[in-house]
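Listed here are the chains, written in short residue letters.
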Amino acid sequence: MRWINRYAELGPQFSVEALPSPVPKPQWVARNHGLCQEMGLPSDWLKHEEGLAVFSGNGLWDGMQSRASVYSGHQFGQWAGQLGDGRALCLGECQTSQGSFEIQLKGAGPTPFSRRGDGRAVLRSSIREYLCSEAMAGLGIPTTRALCLTTSPLPVAREEVETAAIVTRTAQSFLRFGHFEHFANLPEGQSHEALQQLADFCITQHMSTMPDFSANPYANLLHEVTQRTAHLMARWQAVGFCHGVMNTDNMSILGLTLDYGPFQFMDGFNPQHICNHSDHQGRYAYGRQPQVAYWNLFCFAQALMPLIEEQDLAMKALETFKSTFAQAWQSGFLAKLGLDHAEEQSQREADLALLNDLLQLMAQTHVDFTAFWRRLSHAAPESSAAHPAWQQVAELFIDQNTWHAWQSRYMRRLGQDATQQALHTMMQVNPKYVLRNHLAEAAIQQSKMGDHSEVETLFQLLQSPYAEHPEMSRYAELPPAWASDIEISCSS
Ligand code: AMP
Ligand code: MG
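Note that the structure is a prediction, hence the values are computed from the model and not measured.

J.: Where do I start with helix H8 (residues 311-336) in this structure?
T.: Since the α-helix packs 3.6 residues into each turn, any two residues three or four apart lie on the same face. Taking 1.5 Å as the rise per residue, H8 with 26 residues should run 38 Å; its terminal C-alpha atoms sit 38 Å apart, in good agreement. Glycine 338 occupies a position one or two residues after H8 and carries a positive phi of about 80°.

Here it is in structure tokens:
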């Protein structure tokens, strides 16, 4: 294996050496053999004892250099100053026939950026990260990936004492908005050159194919990150994904879903839904995510200003968020309804009104988001409202009258010119299976007892969330009553 670390070459201002801290008696919890193959990595990495040692922080292979990078960021709207990889270690980038991948351990012990933290992660949150990264990939949504998950009996103190775990995650790059904010906020004299070095690195190494938005390369970078972020937000909203901690240090420059903490796939649809128990103000509520992403992009733009220089140009790049997001959101949700893009303006407006009325209706009684869209995908091709598939949708609504009124409008619309293709597509955009909190919770409870089979079952299922898997239908059922009592906080 050829190991490189391009980011390390930028110098000690950007990242520092930090070795993983060994753990006693490591064990595999989960291994992603498919990803291993997809990335062109040696298949025995996830089989032998040596692999287990490396992916639990008990050894390094020749060529690896373990490093932590520095970043800063805005947390919950406030400037938080220096943060950095407090419990993530980059072991380097491996170069394979499939490309270059950064390999990171999360939870492998303290780094110079751990502040008061222990550098560890607990089994519960690591299972959630492992499963959700792969669930997102299964949904086709840009994300960091998870190669494997190991655990150790090492006690980790949170509200209670818990078991340690380490996720090995991979991405082309883990660069965050916060990396740029860090260098932009260094004292004058230290800032400009480093910021430019970082931006040039990002452009040449990771964004070399981005389109030209202007003659200014840094405005191009802002434009590209804005575009990717807008598309990512549209994808999240369309599957009911709440990130939970959209601080600027958790925002990927590459537009990947990054840092899985108190995330949730919404059960009952509620635009005000807050999945993070520590988010008392609802800053990161589901319906606010696009707005927050824009706010975060604004911070990123501010960081780039010394390089872009022209404020108008930065604003122009940033402003593309609104139209790109709106377009991506609309076509994403119209596809969920089985409607093609209407060329005629008045039809387009009528379709959007139909969609917005539906969302309002769903929000009134918190209709289950995933179940609704999947059931609708089965019903839409049926032209009789008495068909059992339509009954199944109706069952989700308390107010039958308003539902039936909407249904009639929708069926009329489908009757006009719905295409088979668009109806078929509904099954590929409305997943049957998502990683609901209670499913993750059940797997976590079993794993804590030493049985990791439920993690594996969910992992396998969520690889193809749009497929029927009739034998697994219990995983698509409405959540049990206790699901709403699950409290997921920042503690991880
Ligand atoms: P997060 O809210 O998980 O995105 O983390 C915010 C910052 O806190 C990042 O710099 C993390 O590296 C750091 N951090 C979180 N938990 C720990 C921990 N247990 N030990 C050290 N640093 C941590
Ligand atoms: Mg983070």
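J.: Quick question: what am I supposed to make of the environment of glycine 117 here?
T.: By secondary structure assignment, the location of glycine 117 is in the loop between strand S8 (99-106) and strand S9 (121-122). Taking C-alpha positions, glycine 117 is 7.2 Å from glycine 86, a pair spaced 31 residues apart along the chain.

J.: When you look at the nonpolar core in this model, what are you seeing that I'm missing?
T.: Proteins that are soluble and globular tend to have nonpolar side chains buried together. Residues Phe55, Phe180, Leu221, Phe372, Trp373 and Trp403 are the most contacted members of the largest nonpolar core, which totals 156 residues. If we ignore the near neighbours within four places in the chain, the residues touching tryptophan 403 are Leu358, Leu361, Phe372, Leu376, Trp390, Val393, Ala394 and Phe397.

J.: Would you explain the site of ligand 1 in this entry?
T.: By nearness alone, 17 residues border ligand 1, and Gly84, Gly86, Arg115, Gly119 and Asn250 come closest of all. Contacts to ligand 1 include aspartate 118, whose side-chain N or O atom sits 3.0 Å from a nitrogen atom. One of the backbone N or O atoms of arginine 120 is found 3.3 Å from a nitrogen atom in ligand 1. Compared with its free state, where it exposes 480 Å², ligand 1 has 81% of that area covered by protein. A class-by-class count of the residues in the shell around ligand 1 yields two nonpolar, seven polar and eight charged.

J.: Got a minute to help me understand the environment of cysteine 94 in this structure?
T.: For cysteine 94, the location among the structural elements is in strand S7 (residues 88-96). With a relative accessible area of 0%, cysteine 94 lands in the buried category. Residues cysteine 94 and leucine 147 lie 53 residues apart in sequence; the distance between their C-alpha atoms is 13 Å.

J.: Would you mind going over the coordination of the magnesium ion (ligand 2) with me for this structure?
T.: By definition of the ideal shapes, four donors in a tetrahedron about a metal sit 109.5 degrees apart, and six donors in an octahedron sit 90 or 180 degrees apart. Coordination of the magnesium ion (ligand 2) by the protein comes from Asn250 (OD1) and Asp259 (OD), over a distance range of 2.0 to 2.2 Å. For asparagine 250, a relative accessible area of 11% puts it in the buried group. On the accessibility criterion, aspartate 259 (13% relative accessible area) is buried.

J.: Before we go on, may I ask you to explain the pattern of salt bridges in this structure?
T.: Side chains carrying opposite charge are able to pair once their charged atoms draw close together. If you walk through the whole model with that rule in mind, you get 19 salt bridges. The residue glutamate 395 makes a salt bridge to arginine 375 at a minimum N-O spacing of 3.9 Å. Residue glutamate 395 is located in the loop between helix H11 (388-394) and helix H12 (400-417), and its partner arginine 375 is located in helix H10 (residues 369-379); the two are separated by 20 residues in the primary sequence. In this structure glutamate 395 comes out as exposed when scored by relative accessible area, which is 58%. Residues participating in the shared-partner salt-bridge network are Lys106, Glu129, Arg169, Arg176 and Asp259.

J.: What's the story with the pairing of S7 in this structure? I'm lost.
T.: Each regular strand carries side chains that alternate between the two faces of the sheet. Counting buried positions along S7 yields eight of nine residues, so the element is predominantly enclosed. Note that strand S1 (residues 2-4) and S7 share three bridges and pair antiparallel. Each residue of the ladder has a partner; that of tryptophan 3, found in S7, is cysteine 94. Across eight bridges, the pairing between S7 and S8 is antiparallel. By the bridge assignment, threonine 96 is partnered in S8 with glycine 99. In this antiparallel pair of consecutive strands, S7 and S8, the connection spans two residues.

J.: Sorry if this is basic, but what is going on with helix H7 (residues 289-308) here?
T.: Its 20 residues place the ends of H7 26 Å apart at the C-alpha level, agreeing with the 28 Å of an ideal helix rising 1.5 Å per residue. Within H7, the axis deviates most sharply at glutamine 302, by approximately 35°, and proline proline 306 lies no more than four positions further along. Taking burial as the measure, the 20 residues of H7 include 14 buried ones, the bulk of the element. Downstream of H7 by one or two residues, glutamate 309 has phi in the positive range, about 70°.

Thresholds, definitions, all that
- Residues numbered from 1 in each chain as written.
- Chains lettered and ligands numbered in written order.
- Predicted model: local features only at pLDDT ≥ 70, side-chain atom pairs only at ≥ 80, totals over all residues.
- Heavy atoms only, no water.
- Helix = DSSP H or I, 4+ residues; strand = E, 2+ residues; numbered from the N terminus.
- Expected span 1.5 Å × (residues − 1).
- Core = buried A, V, L, I, M, F, W, Y, C linked by side-chain atoms within 4.5 Å.
- Buried < 20%, exposed > 50% of the residue type's maximum accessible area, 1.4 Å probe, protein only.
- Contact = heavy atoms within 4.5 Å.
- Near = heavy atom within 4 Å.
- Polar contact = N/O pair within 3.5 Å; in protein donor to acceptor, adjacent residues only side chain to side chain.
- Areas by Shrake-Rupley, 256 points an atom, 1.4 Å probe, with all protein chains shown as cover.
- Nonpolar A, V, L, I, M, F, W, Y, C, P; charged D, E, K, R; others polar.
- Donors = N, O, S within 2.8 Å, 3.2 Å for Na, K, Ca; no water.
- Salt bridge = Lys/Arg side-chain N within 4 Å of Asp/Glu carboxyl O.
- Pairing = 2+ DSSP bridges.
- Bend = angle between axes of the 7 residues up to and from the residue.

None of this, on its own, says anything about what the molecule does.
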